[in-house]
Amino acid sequence: MAEHEVETSAATAVVDAAPADRRSVDGVLARVRAGAGELTGALRRVAEHVLSDPEAAARATIVELAERSGTSPATITRFCRAMGFEGYADLRLGIAAETGRARSAGWTVDIGREIQPGDPLSRVLDQIMAADTRAMHDTAALLDLHEVERAAMAIAGANRVNIFGASGSALVGEEMQFSLHRIGVAAWAWSDVHEGLASAALLGVGDVALGISHTGQTRETIELLAEAGSRGATTVALTGFPRSPLAELADIVLVTASQATTFRPDALSARHPQLVVLDLLYIAVAQRTHDRAHAAFRRTAQAVDGHKAAKGAPS
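Residues numbered from 1 in each chain as written. Predicted model: local features only at pLDDT ≥ 70, side-chain atom pairs only at ≥ 80, totals over all residues. Heavy atoms only, no water.

Asks: Help me out: how do you make sense of the overall build of the protein chain in this one?
Replies: From N to C terminus, the protein chain includes 16 helices and five strands. When each of the 315 residues of the protein chain is scored for burial, the buried share is 46%. A separation of at least 24 residues holds for 72% of the contacts in the protein chain among residues at least 6 apart in sequence. Carbon and sulfur atoms form 56% of the exposed surface of the protein chain, whose accessible area is close to 15,400 Å². (Helix = DSSP H or I, 4+ residues; strand = E, 2+ residues; numbered from the N terminus. Buried < 20%, exposed > 50% of the residue type's maximum accessible area, 1.4 Å probe, protein only. Contact = heavy atoms within 4.5 Å. Areas by Shrake-Rupley, 256 points an atom, 1.4 Å probe, with all protein chains shown as cover.)

And the structure:
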């Protein structure tokens, strides 16, 4: 089918902005999923078609994929560049390798299938496990460990750390605040925008602000991170969209992936990958503050030890 659509400047910007290190075959579908929302027109249709049936896309020629997505071979080539590949052959190999690993690991079991009211819990469990496993592997493929290193160094040397998030992201932020507090890092988690703004306004050079939002579009979190950054604090974004408004204003960006299932849309299914990335960041901070962290963890453990039930005592 002939295709004469002119790509918008936004889509062109996505193509031009693709970094060289995205040519790895790992996490191809996660990158397509994360970037699809920022593509428009014909490029968006290609992304949607690839995600709807990755195995078929891996088997198709460039002409076949163009026909099935209602675009042109030239658009397929532009799409390949947007995903960080030099050409269609490299993209096909990446998708084929990833879908092959998914089959061998059992990640494809029930992913994308609607959970029905009458489904047995065993099948629901299989679907959740498969989706979470795939999301974890996709996150590992997307995550830039150099950025994790930068964030860990900043937190390890920070006077104070502010963590911002709303709704489900607030719960994830509270978990990180608790972990950092146990190793002696002065950290606060804020979900109320007024309290968060007041705290962010008191940050300065040498402090760190971490904003958590899967979409990267939560207005309150963006405002809080922006306020912290304007005061000189190092800003870190944890998001599923590397070109989102939250990511654009952050000094350091940590990217996660997700696998939505019935009753667990992207924002909810991103929770476990977010916790994994923050756990990695927490461990990295503890490594870089080993003596202080070890002493603080020992003291905090001793402080609560008296509230544990004695062995053999009735429950």
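From this point, things continue past the structure.
Asks: Teacher, can you tell me more about the pattern of salt bridges here?
Replies: Oppositely charged side chains can pair when the atoms bearing their charge come close. If you walk through the whole model with that rule in mind, you get six salt bridges. Note that arginine 44 and glutamate 48 form a salt bridge whose closest N and O atoms lie 3.2 Å from each other. Separated by four residues within a single helix, arginine 44 and glutamate 48 lie in helix α3 (residues 41-52), roughly one turn from each other. A residue is classified by how much of its surface remains accessible, and arginine 44, at 30% relative accessible area, is partly exposed. Taking the relative accessible area as the measure of exposure, glutamate 48 reaches 43% and is therefore partly exposed. For arginine 150, the salt bridge is made with glutamate 147, and the minimal N-O distance between the two is 2.8 Å. Pair noted here: arginine 150 and glutamate 147 are both in helix α9 (residues 145-156), with a separation of three residues, about one helical turn. (Salt bridge = Lys/Arg side-chain N within 4 Å of Asp/Glu carboxyl O.)

Asks: I tried to follow helix α16 (residues 290-305) on my own but got confused; where do I start?
Replies: The terminal C-alpha atoms of α16, which comprises 16 residues, lie 22 Å apart, in line with the 22 Å expected from a rise of 1.5 Å per residue. Of the residues making up α16, those classed as buried are Ala293, Ala295 and Ala296. Along the long axis of α16, the arc covered by the buried residues comes to 165°, so they all point the same way. Of the residues in α16, the exposed ones pointing more than 90 degrees away from the buried face are His290, Asp291 and Gln302. (Expected span 1.5 Å × (residues − 1). Arc of directions from axis to C-beta.)

Asks: How should the packing of aromatic side chains be read in this particular structure?
Replies: All told, the structure shown has zero aromatic pairs when counted by the stated rule. Against the face of tryptophan 188 rests arginine 160, its NZ or CZ located 4.4 Å from the ring centre. Against the face of phenylalanine 297 rests arginine 182, its NZ or CZ located 4.7 Å from the ring centre. (Phe/Tyr/Trp six-rings, centres within 6.5 Å; stacked < 30°, edge-to-face > 60°. Lys NZ or Arg CZ within 6 Å of the ring centre and 35° of its normal.)

Asks: How should the side chain of threonine 256 be read in this particular structure?
Replies: Along the chain, threonine 256 turns up in the loop between β5 (252-255) and α14 (266-269). Not counting the four nearest positions on each side in its chain, threonine 256 is found in contact with Thr139, Leu142, His214, Leu238, Thr239, Gly240, Pro273, Gln274 and Val277.

Asks: Hey, could you run me through the sheet that holds strand β1 (residues 161-165) in this one?
Replies: Remark on secondary structure: sheet strands pair via backbone hydrogen bonds, oriented parallel or antiparallel. Here we have five strands laid out as an open sheet, ordered β2-β1-β3-β4-β5, and parallel in their pairing. Where the open sheet ends on each side, the last strands, each with one partner, are β2 (187-190) and β5. In this sheet, adjacent strand axes meet at a mean angle of 15° when their direction is disregarded. Its contacts with the sheet put α9 on β1, β3 (208-212), β4 (234-239) and β5, and the angle it makes with β5 is roughly 125°. (Pairing = 2+ DSSP bridges. Axes fitted to C-alpha atoms, helices over the stretch in contact; angles between N-to-C directions.)

Asks: Is there a simple way to explain helix α5 (residues 62-69) in this structure?
Replies: Side chains of residues three or four places apart in an α-helix project in the same direction, reflecting 3.6 residues per turn. Looking at α5, one finds that the buried residues are Leu65, Ala66 and Ser69. Angularly, the buried residues of α5 cover 100° about the axis, an arc narrow enough to put them on a single face. Where α5 terminates, the next one or two residues include glycine 70, which has phi positive at roughly 70°.

Asks: Looking at this model, I keep getting lost on the confidence of the model for the protein chain. Mind explaining?
Replies: Interpretation of the predicted coordinates at a detailed level should be avoided for regions scoring low in pLDDT. Averaged over the protein chain, the pLDDT score is 83; the fraction of residues at 70 or greater is 83%. Contacts of residues 1-25 to residues separated by more than four positions or lying in other chains number 50 contacts, the stretch itself having pLDDT below 50. (pLDDT = per-residue confidence, 0-100.)

Asks: What's the story with the packing of helix α8 (residues 121-142) against helix α15 (residues 271-288) in this structure? I'm lost.
Replies: Viewed as axis vectors pointing N to C, α8 and α15 meet at an angle of 40°, and their least axial separation amounts to 9 Å. Taken together, α8 and α15 sit at an angle that is classed as oblique. In the packing of α8 onto α15, the handedness of the crossing is right-handed. Facing α8, whose interface residues are Asp132, Ala135, Met136 and Thr139, α15 presents His272, Pro273, Val276 and Val277. (Parallel < 35°, antiparallel > 145°, perpendicular 65-115°, else oblique. Left-handed = near helix turned anticlockwise from the far one by under 90°.)

Asks: Could you clarify how one ought to interpret the nonpolar core in this entry?
Replies: Counting 31 residues, the largest nonpolar core has Val161, Leu180, Leu254, Leu281 and Val285 as the members making the most contacts within it. For this core, the secondary-structure elements that each account for two or more residues are α9, β1, α10 (168-182), β3, β4, β5 and α15. Not counting residues up to four positions away in its chain, the partners in contact with valine 161 are Ile155, Leu180, Val185, Ala186, Ala187, Trp188 and Val208. Of all hydrophobic cores here, the second largest spans 23 residues; its members include Leu29, Ala47, Ala66 and Phe79. (Core = buried A, V, L, I, M, F, W, Y, C linked by side-chain atoms within 4.5 Å.)

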